[in-house]
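Given next are the chains, with one letter for each unit.
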Number of protein chains: 2
Amino acid sequence: MKCGVVIFPSKFVQDKANEFRKRFDPAYTLISPHVTIRSGFELNDDQLPTIISQLNEIASKIEPFELEINKVSSFAPVNNVIYLKVTPVDALKELHEKMHTGAFPKTKEYAFVPHITIGQQLQDAEFGDILGQLSMIQFSYNEMIDSIKLVYQLENGAWEVYETFKLGAKQ
Amino acid sequence: MKCGVVIFPSKFVQDKANEFRKRFDPAYTLISPHVTIRSGFELNDDQLPTIISQLNEIASKIEPFELEINKVSSFAPVNNVIYLKVTPVDALKELHEKMHTGAFPKTKEYAFVPHITIGQQLQDAEFGDILGQLSMIQFSYNEMIDSIKLVYQLENGAWEVYETFKLGAKQ
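None of these values were measured; they are calculated from a predicted model.

Looking at the relation of the copies chain A and chain B
Rotating chain A by 180 degrees about the axis while translating it 0.0 Å along that axis superimposes it on chain B, leaving an RMSD of 0.0 Å. Each copy turns onto its partner about a two-fold axis. Comparing interface residues between copies, 100% of those in chain A also lie at the interface in chain B; the contact surface is shared.

Next comes the structure, spelled out in structure tokens:
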């Protein structure tokens, strides 16, 4: 199955992000607002226990940290994704790096730019306007993150949480 | 926020259930197929740590158990819900009971009939036909369940996993 590792921000930030996703993100109903730490990779059921054990190990060694969301940005001209920019603090970078070691596939498609997508698959004609509007809105949130989540994708495209891993927790 | 405690069956069972939910369940995009153990109750942020600690305690004392799905049934004439019937084994009943003790609200609206909803809010005119069709399909799955999940609802109605609790795990 297709798996990934994400951080879900607080309900407050999720509700805010969803106000925009509802209009601008076709994946709105498939997954809640999130920061992807390790993007989609294929796992079979046999590999799950090893990955879970590695995620426990990784999570236990990183303390809860502050997530800082500070502005609206976009991946243009690479693609028409609009997102809330998340400051790439050391904890995030370390989590990302460690999820390309051990049992994890080593493939890395993009440089790691932590973000919360709020718009995607927008038409070129509307993209500039929407980005312009959203960029004028003030987004500035800080909150503590104390867990990461292993998610998997169902046949209908929806993502489901498989397990939560507490940061800094002694399991 | 509104919280609940659920079991998510395997991806295999979820994909099967979604084949029907897609057509017959308006909540299809809001939550993945699940067995509700404790239905929606209000919690504020201050109460969360106590509930989480109680869920850890409850989960640690119940060993992983076999979930048995054996047929299609319905809550008619109470309402037009069609569901996959889940055998109410002791572990399920105990989980349900314990989530009405301690810090949990004691309110209990219905008798506990564990199930996986595959259709709801159906019109009376179509209900009988759909139930008739679905009842002829053979559903019989058994699988091990090793965790329960605390979920909360976002403003848009979608449910998100807050934390997973391993059954029988020594935390």
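Now, onward.
Details of the interface of chain A and chain B
Think of interface size as the accessible area that goes away when the parts come together; that is how it is often given. In this complex, chain A contributes 23 residues to the contact, which on the side of chain B involves 23 residues. Buried surface at the junction of chain A and chain B, summed over both partners, amounts to about 2000 Å²; 44% is from carbon and sulfur atoms. Summed over the three residues of chain A that lose the most area to chain B, namely Lys-11, Leu-154 and Glu-160 of chain A, the buried surface amounts to 24% of that side. Between chain A and chain B we count four salt bridges in total. Salt-bridge contacts for Lys-11 of chain B lead to Glu-155 of chain A; the nearest nitrogen and oxygen are separated by 2.6 Å. Connecting chain A to chain B are 17 residue pairs in polar contact (both at pLDDT 80 or more). Mapped onto the side of chain A that touches chain B, the elements with two or more residues apiece are helix H1 (11–24), strand S7 (147–153) and strand S8 (159–166) of chain A. When residues of the side of chain A that touches chain B are assigned to their parent elements, the largest contribution, six residues, is made by S8 of chain A. In terms of residue class, the side of chain A that touches chain B is built from nine nonpolar, seven polar and seven charged.

Concerning the confidence of the model for chain A
Residue and element names in this part refer to chain A. Confidence in the prediction of chain A, expressed as mean pLDDT, is 93, and 98% of residues score 70 or more. Across chain A, element-level confidence peaks in strand S1 (residues 2–7) with a mean pLDDT of 97 and bottoms out in helix H4 (residues 124–135) with 91. Across the interfaces of the predicted complex, the ipTM metric reaches 0.73, alongside a pTM of 0.84.

Structural notes on the sheet that holds strand S3 (residues 65–74) of chain A
Think of a sheet as strands paired side by side through backbone hydrogen bonds, with each pair either parallel or antiparallel. All names here are of chain A. Judged by pairing direction, the sheet is antiparallel, and its four strands sit side by side in the order S5-S4-S3-S6 without closing on themselves. Pairing within the sheet leaves two strands with one partner each, and these edge strands are strand S5 (115–119) and strand S6 (141–145). Direction aside, neighbouring strands of the sheet carry axes that sit 30 degrees apart on average. Here four bridges tie strand S4 (residues 82–86) to S5, and the two strands are oriented antiparallel to one another. Considered in S5, the bridge of Tyr-83 is made with Thr-117. H1 contacts S3, S5 and S6 of the sheet and is inclined by roughly 35 degrees relative to S5. Packing against the sheet, H4 makes contact with S3, S4 and S5, and its axis sits at approximately 135 degrees to S3.

Let's talk about the sheet that holds strand S7 (residues 147–153) of chain B
Residues and elements named next belong to chain B. Strand order in the open sheet formed by four strands is S2-S1-S7-S8, and the pairing between neighbours is antiparallel. The sheet is open, and its two edges are formed by strand S2 (35–42) and strand S8 (159–166), each paired on a single side. Within this sheet the neighbouring strands show an average axis-to-axis angle of 20 degrees, counted without direction. Here strand S1 (residues 2–7) runs beside S7; their pairing, made up of four bridges, is antiparallel. When the sheet's bridge partners are listed, Gly-4 is paired in S7 with Val-151.

Describing the packing of aromatic side chains
As enumerated under the stated definition, the model contains 12 aromatic pairs over all chains in all. Judged by centre distance (6.3 Å) and plane angle (70 degrees), the ring pair of Phe-139 of chain A and Tyr-141 of chain A falls under edge-to-face. Neither Phe-139 of chain A nor Tyr-141 of chain A differs from the other in exposure class; each is buried. Clustering of aromatic rings is evident, with ring pairs tying together Phe-12, Phe-20, Phe-139 and Tyr-141 of chain A. The residue whose ring lies beneath Lys-149 of chain A is Tyr-162 of chain B, and the NZ or CZ to ring-centre distance is 5.8 Å.

A few points about the pattern of salt bridges
For the structure on display, the rule yields 18 salt bridges over all chains. Arg-21 of chain B is the salt-bridge partner of Asp-25 of chain B, the closest N and O atoms lying 3.1 Å from each other. Judged by its relative accessible area of 2%, Arg-21 of chain B is buried. A salt bridge links Lys-166 of chain B to Asp-146 of chain B, with the shortest nitrogen-to-oxygen separation between them at 3.6 Å. Placement of Lys-166 of chain B in strand S8 and of Asp-146 of chain B in the loop between strand S6 (141–145) and S7 is noted, with a sequence separation of 20 residues between them. The exposure class of Lys-166 of chain B is partly exposed, given its relative accessible area of 27%. The exposure class assigned to Asp-146 of chain B is partly exposed, which follows from its relative accessible area of 37%. Within this structure, Lys-11 and Asp-15 of chain A together with Glu-155 of chain B form a network of salt bridges that share partners.

Here is what the cut-offs are and how they apply
Residues numbered from 1 in each chain as written. Chains lettered and ligands numbered in written order. Predicted model: local features only at pLDDT ≥ 70, side-chain atom pairs only at ≥ 80, totals over all residues. Heavy atoms only, no water. Least-squares fit on C-alpha atoms with pLDDT ≥ 70 in both. Contact = heavy atoms within 4.5 Å. Buried area = accessible area lost by both parts, 1.4 Å probe. Salt bridge = Lys/Arg side-chain N within 4 Å of Asp/Glu carboxyl O. Polar contact = N/O pair within 3.5 Å; in protein donor to acceptor, adjacent residues only side chain to side chain. Helix = DSSP H or I, 4+ residues; strand = E, 2+ residues; numbered from the N terminus. Nonpolar A, V, L, I, M, F, W, Y, C, P; charged D, E, K, R; others polar. pLDDT = per-residue confidence, 0-100. Pairing = 2+ DSSP bridges. Axes fitted to C-alpha atoms, helices over the stretch in contact; angles between N-to-C directions. Phe/Tyr/Trp six-rings, centres within 6.5 Å; stacked < 30°, edge-to-face > 60°. Buried < 20%, exposed > 50% of the residue type's maximum accessible area, 1.4 Å probe, protein only. Lys NZ or Arg CZ within 6 Å of the ring centre and 35° of its normal.

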